[in-house]
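In case you want the letters, here they are:
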Amino acid sequence: MNTNPKLTLAKKLAITLAATALTAGLAGATVPATAAPAGPAAECGVRSDGKLYCGNRAGAKGYEHRSYASAVRGQMNTTFSWFSCWGRGDSHPGGNNIWYWTKLDNGQWGNMAAVDVHTSVDPAPGLREC
């Protein structure tokens, strides 16, 4: 056992400084309480303007008609979008035949299959049919 008081004091000081630095570093790495959720857990609902605001699959295609067999008008590269209304069309891998009408990222209007929109139920409650 070392009985040198200077060495013991130096060790205690070093441990205290290291603990303080570690605590400060961990505090700086926390996520702020105001961070918005991402992906499917993010907002998905109809706002007062009557549009559905919801997460969607990046790269999802928008079609001229409510069918994969119709012309592709563009795609949605963003992962959070708005949709003005819904309609019935061809069945898709989402297990239903609901399609959402929206303005795609290239400025064209198109129908997106509900499988590409992160709704919990289709059609989205409160969104008008078109």
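Described below are features of the structure shown in this document. All of these numbers come straight from a predicted model, not from anything done at the bench.

About the cut-offs
- Residues numbered from 1 in each chain as written.
- Predicted model: local features only at pLDDT ≥ 70, side-chain atom pairs only at ≥ 80, totals over all residues.
- Heavy atoms only, no water.
- Helix = DSSP H or I, 4+ residues; strand = E, 2+ residues; numbered from the N terminus.
- Buried < 20%, exposed > 50% of the residue type's maximum accessible area, 1.4 Å probe, protein only.
- Contact = heavy atoms within 4.5 Å.
- Areas by Shrake-Rupley, 256 points an atom, 1.4 Å probe, with all protein chains shown as cover.
- Core = buried A, V, L, I, M, F, W, Y, C linked by side-chain atoms within 4.5 Å.
- Salt bridge = Lys/Arg side-chain N within 4 Å of Asp/Glu carboxyl O.
- Polar contact = N/O pair within 3.5 Å; in protein donor to acceptor, adjacent residues only side chain to side chain.
- Pairing = 2+ DSSP bridges.
- Disulfide = S-S within 2.5 Å.

### Thoughts on the overall build of the protein
In step 1: A tally of regular secondary structure across the protein gives 1 helix and 8 strands.
In step 2: For the protein, the succession of helices and strands along the chain, N to C, is α-β-β-β-β-β-β-β-β.
In step 3: Across the 130 residues that make up the protein, the buried fraction comes to 28%.
In step 4: Partitioning the intrachain contacts of the protein with sequence separation of at least 6 by distance along the chain shows that 51% fall at a separation of at least 24.
In step 5: By element, 59% of the accessible surface of the protein is carried by carbon and sulfur atoms, the whole surface being about 8100 Å².

### Here's the deal with the nonpolar core
Burial of nonpolar side chains together is a common tendency in soluble globular proteins.
In step 1: In this structure, L52, F83, Y100, M112, V117 and L127 are the most contacted members of the largest nonpolar core, which totals 14 residues.
In step 2: Elements represented by at least two residues in this core include exactly β2 (52-55) and β7 (98-103).

### Section: the pattern of salt bridges
In step 1: Inspection of every chain in the model, using the stated rule, returns 3 salt bridges.
In step 2: Across the pair E43 and R47 runs a salt bridge, and its minimum N-O distance is 2.9 Å.
In step 3: The residue D116 makes a salt bridge to R57 at a minimum N-O spacing of 2.9 Å. One end of the pair, D116, is in the segment after β8 (109-113); the other, R57, is in the loop between β2 and β3 (60-63), and 59 residues separate them in sequence.
In step 4: With relative accessibility at 40%, the residue R57 sits in the partly exposed group.

### Quick look at the side chain of S81
In step 1: Relative to the elements of secondary structure, S81 occurs in strand β5 (residues 80-83).
In step 2: Engagement of the side chain of S81 in a polar contact is seen with the side chain of T78, the distance being 3.5 Å.

### Some details on the sheet that holds β2
In step 1: Strand order in this open sheet of 3 strands is β1-β2-β5, and the pairing throughout is antiparallel. What marks the edges here is a single partner per strand, and that holds for β1 (45-46) and β5.
In step 2: Where β1 and β2 come together, 2 bridges link them in antiparallel fashion. The partner of V46 across the bridge, within β2, is L52.

### A closer look at the state of the cysteines
In step 1: Applying the stated criterion across every chain, the model contains 2 disulfides.
In step 2: The disulfide partner of C44 is C54, and the gap between their sulfur atoms is 2.0 Å. Residues C44 and C54 are joined through a disulfide that is left-handed, its torsion about the S-S bond being -95 degrees. Note that C44 is positioned in the loop between α1 (5-28) and β1 and C54 in strand β2, a separation of 10 residues in sequence.
In step 3: The disulfide bridge from C85 ends at C130, spanning 2.0 Å between sulfur atoms. Taking the torsion about the sulfur-sulfur bond, which here is approximately 85 degrees, the covalent link between C85 and C130 counts as right-handed. A residue pair is termed long-range when its members are at least 10 positions apart, and C85 in strand β6 (residues 85-88) and C130 in the segment after β8 qualify at 45 residues.
In step 4: Note on C85: relative accessible area 2%, which makes it buried.

Note that all results are geometric; they support no functional claim without further evidence.
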